[in-house]
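What follows is the residue order along each chain.
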Amino acid sequence: MELRIFQRQLARRLLAWSGFSAVGGAALWLTRRPFWHGVGSQAVCWGVVDAGIALIGQRANTQKAGDPQANTPAALAQEAASLRRLLLVNAGLDVLYMLGGLRLARHEQEKWHGHGWGIFIQGAFLFFFDLLHARSVPRGEKT
């Protein structure tokens, strides 16, 4: 089933990003320099949240794979449309994260400057991640 494979790949990619983000963020956080500490704090927090989202998505996909009613062509087409819509809504939210991050990056204190850039970086990555995956959601199941 093309959609199930796509969802599995999507979750794995998000999990990979979350791991990279959390590990890289922890290294930056350990520098204790205010700017990098802020960037690193954001990377770790976003990495943990993204990992949770990826793991929940993997679990839901595995459960649906075993449900015959969830795997009919009509159900898969509806689920694909919902996933595409969700990714596009998330891309819109990512723009707001980026704007908020840029606003915070203008703060006078270096720590908050770093937090702002950390939010912007995460939002920018997720914007492209969500947008590219929304465009790649399978349109329908092959029978």
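So, a few notes on the structure that sits alongside this text.

So, how was this worked out
Residues numbered from 1 in each chain as written. Predicted model: local features only at pLDDT ≥ 70, side-chain atom pairs only at ≥ 80, totals over all residues. Heavy atoms only, no water. 1 Å grid on protein atoms, 1.4 Å probe; cavity = no way out; pocket = protein on both sides within 12 Å on 5 of 7 lines; lining within 4 Å. Points joined across faces, edges and corners; volume = space filled by probe spheres on them. Helix = DSSP H or I, 4+ residues; strand = E, 2+ residues; numbered from the N terminus. Nonpolar A, V, L, I, M, F, W, Y, C, P; charged D, E, K, R; others polar. Patch = residues over 30% accessible without salt bridge, like charges linked within 9 Å, V, L, I, M, F, W, Y side chains within 5 Å. Areas by Shrake-Rupley, 256 points an atom, 1.4 Å probe, with all protein chains shown as cover. Salt bridge = Lys/Arg side-chain N within 4 Å of Asp/Glu carboxyl O. Buried < 20%, exposed > 50% of the residue type's maximum accessible area, 1.4 Å probe, protein only. Polar contact = N/O pair within 3.5 Å; in protein donor to acceptor, adjacent residues only side chain to side chain. Axes fitted to C-alpha atoms, helices over the stretch in contact; angles between N-to-C directions. Parallel < 35°, antiparallel > 145°, perpendicular 65-115°, else oblique. Contact = heavy atoms within 4.5 Å.

### Overview of the layout of surface pockets
Here is step 1 of the chain: Counted as a void, the largest pocket has a volume near 700 Å³.
Here is step 2 of the chain: Contributing to the lining of the largest pocket are 28 residues, with Leu 10, Leu 14, Ile 53, Leu 86 and Asn 90 lying nearest its centre.
Here is step 3 of the chain: Contributing elements (two or more residues each) for the lining of the largest pocket: helix H1 (2-29), helix H2 (34-65), helix H3 (73-105) and helix H4 (110-136).
Here is step 4 of the chain: Of the residues forming the lining of the largest pocket, the biggest block, twelve residues, is contributed by H2.
Here is step 5 of the chain: For the lining of the largest pocket, the residue count by class is 17 nonpolar, six polar and five charged.

### Here we look at a nonpolar patch on the surface
Here is step 1 of the chain: A surface patch of nonpolar side chains, amounting to about 730 Å² of accessible area, comprises Val 89, Leu 93, Val 95, Leu 96, Tyr 97, Leu 99, Leu 102, Trp 117 and Ile 121.
Here is step 2 of the chain: Every element with two or more residues in the nonpolar patch is listed here: H3 and H4.
Here is step 3 of the chain: Take the nonpolar patch: its biggest share by element is seven residues, from H3.
Here is step 4 of the chain: Inspection of the secondary structure puts Tyr 97 in helix H3.
Here is step 5 of the chain: Judged by its relative accessible area of 33%, Tyr 97 falls in the partly exposed class.

### Notes on the side chain of Asn 71
Here is step 1 of the chain: Within the secondary structure, Asn 71 is located in the loop between H2 and H3.
Here is step 2 of the chain: A distance of 3.0 Å separates the side chain of Asn 71 from the side chain of Arg 4, its partner in a polar contact.

### Some remarks on unusual backbone geometry
Backbone geometry follows two general trends: most residues other than glycine have a negative phi, and most peptide bonds adopt the trans configuration.
Here is step 1 of the chain: In this model, Arg 32 sits at a positive phi of 65 degrees, which is unusual for a non-glycine residue.
Here is step 2 of the chain: You can see Arg 32 is positioned in the loop between H1 and H2.

### With respect to the packing of H1 against H4
Here is step 1 of the chain: For the pair H1 and H4, the least separation of the axes is 12 Å and the interaxial angle reads 170 degrees. Between H1 and H4, the crossing angle belongs to the class labelled roughly antiparallel. Residues Phe 6, Leu 10, Arg 13, Leu 14, Trp 17 and Ser 21 of H1 touch H4, and the partners they reach there are Gln 122, Phe 125, Leu 126, Phe 129, His 133 and Ser 136.
Here is step 2 of the chain: By residue class, the composition of the contact of H1 with H4 is seven nonpolar, four polar and one charged.

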